[in-house]
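# Overview (structure and organization)
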Amino acid sequence: MARVRVKLFAEYYELAGRKHLVELEVPDGTTVIELARMLEEKFPKLQGRLVQGDSINEETKVLVNGRLIDWLEGEKTRLRDGDAVAFFPPAAGG
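Residues numbered from 1 in each chain as written. Predicted model: local features only at pLDDT ≥ 70, side-chain atom pairs only at ≥ 80, totals over all residues. Heavy atoms only, no water.

Here the protein chain shows a mean pLDDT of 94. Residues at 70 or above account for 97%. Taking the mean pLDDT of every element in the protein chain, the minimum, 94, falls on helix α1 (residues 10–15) and the maximum, 98, on strand β6 (residues 67–68). (pLDDT = per-residue confidence, 0-100. Helix = DSSP H or I, 4+ residues; strand = E, 2+ residues; numbered from the N terminus.)

Right, let's talk about the sheet that holds strand β7 (residues 84–88) for a bit. Read from one edge to the other, the open sheet built from 5 strands follows the order β2-β1-β7-β5-β6, with strand pairing classed as mixed. Each of the sheet's edge strands pairs with one partner strand only, and the pair in question is β2 (21–26) and β6. Direction of pairing for strand β1 (residues 2–8) relative to β7: parallel, over a ladder of 4 bridges. Bridge pairing links V6 to V85 in β7. On top of the sheet, helix α2 (residues 32–42) reaches β1, β2, β5 (61–64) and β7; it is set at about 115 degrees to β2, its chief contact. (Pairing = 2+ DSSP bridges. Contact = heavy atoms within 4.5 Å. Axes fitted to C-alpha atoms, helices over the stretch in contact; angles between N-to-C directions.)

This is the structure in structure tokens:
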């Protein structure tokens, strides 16, 4: 098992019951998409916000240890013990 720290920002923070930092134990090798599904299960108000269809919501920004997953292996990035994962919703305004 791996312990990961998840940080939720803006509307995700609100939808998760004002939880900014969540620590989860996940199976070794859990991917970012699997983690997002776990979060939606743990916080039902997040349903459909992190994951759309079979992938991460294209407007959601996800960082693992401060690096955008776009520069890693995307939503298939595997997590390890001690990793920090941050979920940022789409930016509002214009």
